Amino acid sequence: MTLPRLLASFLLVPAALTTAAEQPARDARKIYAEFCASCHGANMEGGSAPSLVSGQWRYGGDDAALSTSIRNGRPQNGMPGFGATVSEKEIRGLVVFINEQAGQASSRRTPAPSPSADTVATGKLHSFRVETVVSGLREPYAIAFQPDGLVLITEKRGTLRVVEKGVLRPEPVSGLPAVDSGGQGGLFDVVLHPDFARNGWIYLAFSDQLKTEPNRGAVMTTLIRGRLKGNTWTDQQIIFRAPEETFRHGGNHFGGRLAFDKNNFLFFSIGERGNQVDAQNLTLPNGKIHRLHDDGRVPVDNPFLKTPGAIPSIWSYGHRNPQGLRFHPVTGELWEHEHGPRGGDELNIIQRGLNYGWPLATFGMNYNGTPITDVTARPDIQPPITYWLPSIAPCGLAIYTGDRFPKWKNQLFVSSLAAQELRRLEVKDGKVIDQEIIFKGLGRLRDVANGPDGLLYVLLQDRVARLAPAAE
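In what follows, the accompanying structure is described. (Residues numbered from 1 in each chain as written. Predicted model: local features only at pLDDT ≥ 70, side-chain atom pairs only at ≥ 80, totals over all residues. Heavy atoms only, no water.)

### Comments concerning the overall build of the chain
For the chain, the count of helices and strands is six helices and 25 strands. Overall, the chain is about 75 × 65 × 45 Å in size when its C-alpha atoms are taken along their principal axes. By residue count, 55% of the 472 residues in the chain fall in the buried class. Excluding contacts between residues fewer than 6 apart, the proportion of contacts in the chain whose partners are at least 24 apart in sequence is 58%. Accessible surface, the chain as shown: approximately 20,000 Å² in total, 51% of it carbon and sulfur. Where the 51 positive side-chain charges of the chain centre and where its 47 negative ones centre are 1 Å apart. (Helix = DSSP H or I, 4+ residues; strand = E, 2+ residues; numbered from the N terminus. Buried < 20%, exposed > 50% of the residue type's maximum accessible area, 1.4 Å probe, protein only. Contact = heavy atoms within 4.5 Å. Areas by Shrake-Rupley, 256 points an atom, 1.4 Å probe, with all protein chains shown as cover. Lys, Arg positive; Asp, Glu negative; His and termini not counted. Charge placed at Lys NZ, Arg CZ, Asp CG, Glu CD.)

Written out as structure tokens, the structure is:
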């Protein structure tokens, strides 16, 4: 790191992140076993005290009510308070753990549809069939439909595939740059320029490895654009490549989603690469949503353009691993979802220059069951629209614009990896008012997209499928 950038980093990292580390907090599961299981049951099924997974709450089941019960107890019912022996961070971890177990129990009580090719699934608003349209893929990641009928599909392992007249070309597109596909790395999003019919530009995001080290080098998300001639990638241009000193080792949290707004500005996401505090550091590109012109130039009205040492393309910060990014066709809002920690996956509306909190505030905890913080909200941090507990590992976001499912019009669809779900979210006035699991259990989903035929397309582990109305 150069001396000016190093000095700037001290100015731009909040003081709260540079203090001495706190004593490690305890695993929520172990705390539950020590203090709670004897009354509420080893699996929260209930005993001398009520079940914690039945969905029935005597004193309220929201976060505040659960925290109060743990901290102060319910002496009238013989429950002692644990505020003297369990820290605020650990209380937060217990709340996450209890809600996680309750959510899993609720899913078991009301299983979501898992339709096969010859069955009809019945949803709240529409019934549908899931039809395979392209098979023979390996971890497809994103899909784009050209106006001439060709379909582009990225595969995580670094290949770009073309579907022509419904048939997958046998060979991947040649001429792409080398892609580091270790861990969560790979070839990510593919989007067409809004004026693609005239200029032919195709945009790709991928994990780019430095070649300066003898073994596996440092990696960062890079953006390029190029054109397709036959089955060859040509005319490549680099749209964004981070300063080499900001590349990171490890295979986590690349982001890699792209979206154009109505003015042809290109927005894209980069995850914090597993380094939590980097998300708050404006001298680093990771943990951010960025904004550029379509050719890679920095817009003159970007929020941190004049901040000394800041990466000038940054639009918002405090993100963990954003893997969903789409503009709403009616409101123009930029919707984003990101992988949080355990129990902290978030859905956000991205606004200019705002801090989205990671890791200063979160609704989740570490994957080992220890809390990150007891802070879920701060006045200087933009709160999420909603969050998922248990975590679903969201990957891919669409806002339905077709006419084949009229009651789904302009609603959000989120695909997920760990939960293997496609979810529908109805939003009103910036709030989620209804949420439905459309289907579950067909495999890991990396993307969901609108097709030119008015249907929804989903990318499963080895194929592309579409949702078609049951009546058809």
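### Some words on the pattern of salt bridges
Here the structure, examined in full by the defined rule, presents 30 salt bridges. Residue Asp189 pairs with Arg257 through a salt bridge whose shortest N-O separation is 3.5 Å. Of this pair, Asp189 sits in strand S7 (residues 187-192) while Arg257 sits in the loop between strand S10 (232-240) and strand S11 (258-260), and the two are 68 residues apart along the sequence. Overall, Asp189 belongs to the buried group, its relative accessible area being 0%. Residue classification places Arg257 among the buried positions, given a relative accessible area of 1%. A salt bridge links Asp301 to Arg291; its shortest N-O distance comes to 2.8 Å. Pair noted here: Asp301 is in the loop between strand S13 (288-292) and strand S14 (314-317) and Arg291 is in strand S13, with a separation of ten residues, a long-range link. The class for Arg291 is buried, based on a relative accessible area of 5%. If you follow the salt bridges from partner to partner, you end up with Lys124, Arg424, Glu426, Asp434 and Glu436 in one network. (Salt bridge = Lys/Arg side-chain N within 4 Å of Asp/Glu carboxyl O.)

### Re empty space enclosed by the protein
Scanning the model with the defined rule gives one cavity of 30 Å³ or more in all. In this structure, the largest cavity occupies an estimated 60 Å³ of space. Every residue along the wall of the largest cavity is listed here: Glu346, Tyr356, Ala361, Thr362, Phe363, Thr376, Ala377, Arg378, Ile381, Gln382, Pro383 and Pro384. Taken together, the residues that form the lining of the largest cavity break down as seven nonpolar, three polar and two charged. (1 Å grid on protein atoms, 1.4 Å probe; cavity = no way out; pocket = protein on both sides within 12 Å on 5 of 7 lines; lining within 4 Å. Points joined across faces, edges and corners; volume = space filled by probe spheres on them. Nonpolar A, V, L, I, M, F, W, Y, C, P; charged D, E, K, R; others polar.)

### Section: the pairing of strand S25 (residues 463-469)
In terms of burial, S25 is largely enclosed, as five of its seven residues are buried. As defined by bridge partners, strand S2 (residues 127-135) adjoins S25 across seven bridges and the pair is classed as antiparallel. Following the sheet pairing, Glu131 is matched in S25 by Arg466. As defined by bridge partners, strand S24 (residues 456-459) adjoins S25 across four bridges and the pair is classed as antiparallel. Within S25, the residue paired with Tyr457 across the bridge is Arg466. Taking the residues that link successive antiparallel strands as the turn, the S24-S25 hairpin has three residues. (Pairing = 2+ DSSP bridges.)

### Points about the packing of helix H4 (residues 63-72) against helix H5 (residues 88-109)
At a minimum axis distance of 10 Å, the contact between H4 and H5 shows a crossing angle of 125 degrees. For the element pair H4 / H5, the angle class is oblique. For H4 against H5, the interelement crossing comes out right-handed. Residues Asp63, Leu66, Ser67, Ile70 and Arg71 of H4 form the contact with H5, whose own contacting residues are Glu88, Ile91, Arg92, Leu94, Val95, Ile98 and Asn99. A per-class count over the contact of H4 with H5 returns six nonpolar, two polar and four charged. (Axes fitted to C-alpha atoms, helices over the stretch in contact; angles between N-to-C directions. Parallel < 35°, antiparallel > 145°, perpendicular 65-115°, else oblique. Left-handed = near helix turned anticlockwise from the far one by under 90°.)

Structural measurements only, silent on function.
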